[in-house]
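Overview (structure and organization)
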Amino acid sequence: MELKISSRSQDGCAVVAVRGEIDLYTAPQLQSGLVDALEDGARRLVVDMSRVEFCDSTGMSVLLSVMKRARAADGDLELVAPKPAVRKILEVTGLDAVFTVQDSTDALPETAGSSATP
């Protein structure tokens, strides 16, 4: 399954919507999308996980490394609305205590200026 990433940003906050499966093959695409948002000036990354069906340890590693990079620049990375399978991985690995995890897409900030990558 392919991975689709779209982002929109405003006032230092980027909402990155991810759809598909995050695994060994698609994790570099996720890393690129998140790092691009940071390099475009976002300090706060909000990752909409509501349409992610699967995320393996490679994907978790990417999220963790980008979160560390954001925090090093006085920013942060939050996960929003992970599906039960993804939430289970967060809980089993203890990463639910490391990431800020919002249960619902209601937590997504309203932003303008959208860009999408296939």
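The following refers to the structure shown. Computed from a predicted structure; not experimentally measured. (Residues numbered from 1 in each chain as written. Predicted model: local features only at pLDDT ≥ 70, side-chain atom pairs only at ≥ 80, totals over all residues. Heavy atoms only, no water.)

**Things to note about helix α2 (residues 57-72)**
In an α-helix, one full turn covers 3.6 residues, which means residues spaced three or four apart are oriented alike. Look at α2: 22 Å from first C-alpha to last across 16 residues, which is about the 22 Å you get at 1.5 Å a residue. Within the span of α2, buried status applies to G59, M60, V62, L63, V66, M67 and A70. Within α2, the buried residues cover an arc of 155 degrees as seen down the axis, which keeps them to one side. Relative to its buried face, α2 has exposed residues pointing more than 90 degrees away, namely S57, K68 and A72. The backbone nitrogen of T58 has a side-chain oxygen 2.9 Å away, supplied by the residue at the start of α2, namely D56. Of the residues one or two after α2, D74 is the one with positive phi, at around 60 degrees. (Helix = DSSP H or I, 4+ residues; strand = E, 2+ residues; numbered from the N terminus. Expected span 1.5 Å × (residues − 1). Buried < 20%, exposed > 50% of the residue type's maximum accessible area, 1.4 Å probe, protein only. Arc of directions from axis to C-beta. Polar contact = N/O pair within 3.5 Å; in protein donor to acceptor, adjacent residues only side chain to side chain.)

**Examining the environment of L24**
Relative to the assigned elements, L24 resides in the loop between β2 (13-22) and α1 (27-39). By relative accessible area, which is 53% here, L24 ends up exposed. Sequence-wise, L24 and V62 are 38 residues apart; in three dimensions their C-alpha atoms are separated by 10 Å. Beyond its immediate sequence surroundings of up to four residues, L24 is in contact with D56 and T58. (Contact = heavy atoms within 4.5 Å.)

**Describing the pairing of strand β1 (residues 3-10)**
Pairing geometry for β1 and β2, over eight bridges, is antiparallel. Across the sheet, I5 pairs through a bridge with V18, a residue of β2. Counted between consecutive antiparallel strands, the loop separating β1 from β2 contains two residues, among which D11 sits at a positive phi close to 50 degrees. (Pairing = 2+ DSSP bridges.)

**Observations regarding the pairing of strand β4 (residues 76-80)**
When a strand is regular, its side chains alternate between the sheet's two faces. In terms of burial, β4 is largely enclosed, as four of its five residues are buried. Where strand β3 (residues 44-55) lies against β4, five bridges are found, and the strand directions are parallel. Looking at the pairing, V47 lines up with L79 of β4. Following the chain from β3 across α2 to the adjacent parallel β4, one finds a crossover that is right-handed. Pairing geometry for β4 and strand β5 (residues 100-102), over three bridges, is parallel. Bridging across to β5, V80 finds its partner in Q102. Between β4 and its parallel partner β5, the chain crosses via helix α3 (residues 84-93), and the hand of that crossover is right-handed. (Right-handed = clockwise from strand over helix to strand, strands pointing away.)

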